[in-house]
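Report on the structure
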Amino acid sequence: RFLVSYSLGLDISTSCTGWCVVTPDGSFVDMGYIPLSNKLSSYQKAQEMRDRLSLLHIKYDITKVYIEENLQAFRPGFSSAKTLLTLARFNGIVGYLAQQEFDCTPEYINVNVARKAVGLKIISKKKGGKPTKEQVLDWVSSQVIYEWPEKVLRNGPRKGQSILEPGCFDSADAFVIATAGSKLADQQ
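Quick look at the structure, then. (Residues numbered from 1 in each chain as written. Predicted model: local features only at pLDDT ≥ 70, side-chain atom pairs only at ≥ 80, totals over all residues. Heavy atoms only, no water.)

**Topic: the nonpolar core**
- In this structure, C20, M31, W139, V140, W148, F175 and V176 are the most contacted members of the largest nonpolar core, which totals 23 residues.
- It is helix α5 (residues 167–187) that contributes the most residues to this core, nine residues altogether.
- Here C20 is in contact with S7, L8, G9, F28, D30, M31, A174, F175 and A178, once residues within four sequence places are set aside.
- In terms of nonpolar packing, the next biggest core, distinct from the first, is built from 22 residues, L10, I12, F90 and A98 among them. (Core = buried A, V, L, I, M, F, W, Y, C linked by side-chain atoms within 4.5 Å. Buried < 20%, exposed > 50% of the residue type's maximum accessible area, 1.4 Å probe, protein only. Helix = DSSP H or I, 4+ residues; strand = E, 2+ residues; numbered from the N terminus. Contact = heavy atoms within 4.5 Å.)

Structure, rendered in structure tokens:
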């Protein structure tokens with residue numbers, strides 16, 4: 001059916017899940033994101049993910065799935081314990097759906113391990129660095145040619161300005177996970 005097998009990287013969130021497809025050697029193929037904030041329940045979000053994973057499977061022979069490991073600890077000023085629990089639950093659900101769809105066990109990769117594997121160094125805010133998500137997107141943009149989706153703001157002080165769709169940051173994170181997964185697999 002297919003001549004080439006691919007790897008899929010996922011950055012899973014209950015509001016938007018980024019995905020990226022790469023070749024086994026980590027070469028970029030495609031990426032995008034799945035908006036989920038318009039789905040009311042976890043079940044609707046899971047169904048949407050199942051449908052989208054199925055569409056990716058029709059298009060690509062995915063034989064490896066890499067997923068960004070969810071946060072392991074509560075950090076004051078960031079996500080609440082309830083949010084972490086919800087994210088962990090959804091991460092598990094999507095991991096299961098991916099295993100069922102692609103018939104392979106997903107491998108979870110810590111975000112810091114992934115960034116190190118691909119050579120992405122984040123400059124802290126204390127040292128003058130931009131927000132992490134912007135640094136990741138800038139780095140991905142330096143690695144691949146990709147037309148990031150944009151939207152035009154319809155109101156507010158920046159009305160009429162074109163900005164990147166928020167899902168672009170999730171796609172960029174998925175690219176890091178997918179390419180890191182390929183690099184780490186080569187080291188084994």
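**Quick word on the pairing of strand β3 (residues 28–35)**
- As paired strands, strand β2 (residues 16–22) and β3 are joined by seven bridges and run antiparallel to one another. Its bridge partner lying in β3, V22 is registered against F28.
- The turn linking β2 back onto β3 is made up of five residues, and G26 within it adopts a positive phi angle of 90°. (Pairing = 2+ DSSP bridges.)

**Considerations on the packing of helix α1 (residues 42–59) against helix α2 (residues 81–102)**
- At their nearest, the axes of α1 and α2 sit 10 Å apart, and the two run at 30° to each other. Crossing hand, α1 versus α2: right-handed. Side by side, α1 and α2 meet where S42, K45, A46, M49, R50, L53, S54 and H57 of the first sit next to F90, I93, V94, L97, A98, E101 and F102 of the second.
- Residues belonging to the contact of α1 with α2 are distributed by class as follows: nine nonpolar, three polar and three charged. (Axes fitted to C-alpha atoms, helices over the stretch in contact; angles between N-to-C directions. Left-handed = near helix turned anticlockwise from the far one by under 90°. Nonpolar A, V, L, I, M, F, W, Y, C, P; charged D, E, K, R; others polar.)

**With respect to the pairing of β2**
- Among the seven residues of β2, seven are classified as buried, and the element is accordingly described as predominantly covered.
- Neither face of β2 is exposed, since C16, G18, C20 and V22 on one face and T17, W19 and V21 on the opposite face are all buried.
- Pairing between strand β1 (residues 5–11) and β2: five bridges, direction antiparallel. From the neighbouring strand, L10 faces β2, where its bridge partner is W19.
- Between β1 and β2, which pair antiparallel in sequence order, lie four residues.

**Some thoughts on helix α4 (residues 132–143)**
- For α4, spanning 12 residues, the distance from its first C-alpha to its last is 17 Å, which sits close to the expected 16 Å at 1.5 Å a residue.
- Buried residues of α4: Q135, V136, L137, W139 and V140, and no others. (Expected span 1.5 Å × (residues − 1).)

**Some thoughts on the environment of N70**
- Looking at the element boundaries, N70 is found in the loop between β4 (61–68) and α2.
- Among the residues examined, N70 registers a relative accessible area of 23% and is labelled partly exposed.
- C-alpha separation for the pair N70 and D11, spaced 59 residues apart in sequence, amounts to 9.1 Å.
- N70 has contacts with A88 and N91, leaving out every residue within four places of it along the chain.

**Structural notes on the sheet that holds β3**
- What the five strands build is an open sheet, ordered β3-β2-β1-β4-β5; its pairing is mixed. Since the sheet does not close on itself, it has two edges, and those belong to β3 and β5 (107–109), each with one partner. This sheet shows a mean twist of 25° between the axes of neighbouring strands, independent of strand direction.

**A short note on the pattern of salt bridges**
- Under the counting rule described, the total for this entry stands at four salt bridges.
- For E48, the salt bridge goes to K39, with nearest N and O atoms at 3.8 Å.
- Taking relative accessible area as the criterion, K39 reaches 25% and is therefore assigned partly exposed.
- Note on E48: relative accessible area 17%, which makes it buried. (Salt bridge = Lys/Arg side-chain N within 4 Å of Asp/Glu carboxyl O.)

**Considering the packing of aromatic side chains**
- Evaluated as defined, the whole model comprises five aromatic pairs.
- Ring geometry for F28 and Y146: centres 6.0 Å apart, planes at 80°, overall edge-to-face. Pair noted here: F28 is in strand β3 and Y146 is in the loop between α4 and β6 (150–152), with a separation of 118 residues, a long-range link.
- Look at Y146 and you get partly exposed, because its relative accessible area is 24%.
- In this structure an aromatic cluster arises from ring pairing among F28, W139, Y146, W148 and F175. (Phe/Tyr/Trp six-rings, centres within 6.5 Å; stacked < 30°, edge-to-face > 60°.)

By themselves, these figures tell us nothing about what the structure is for.
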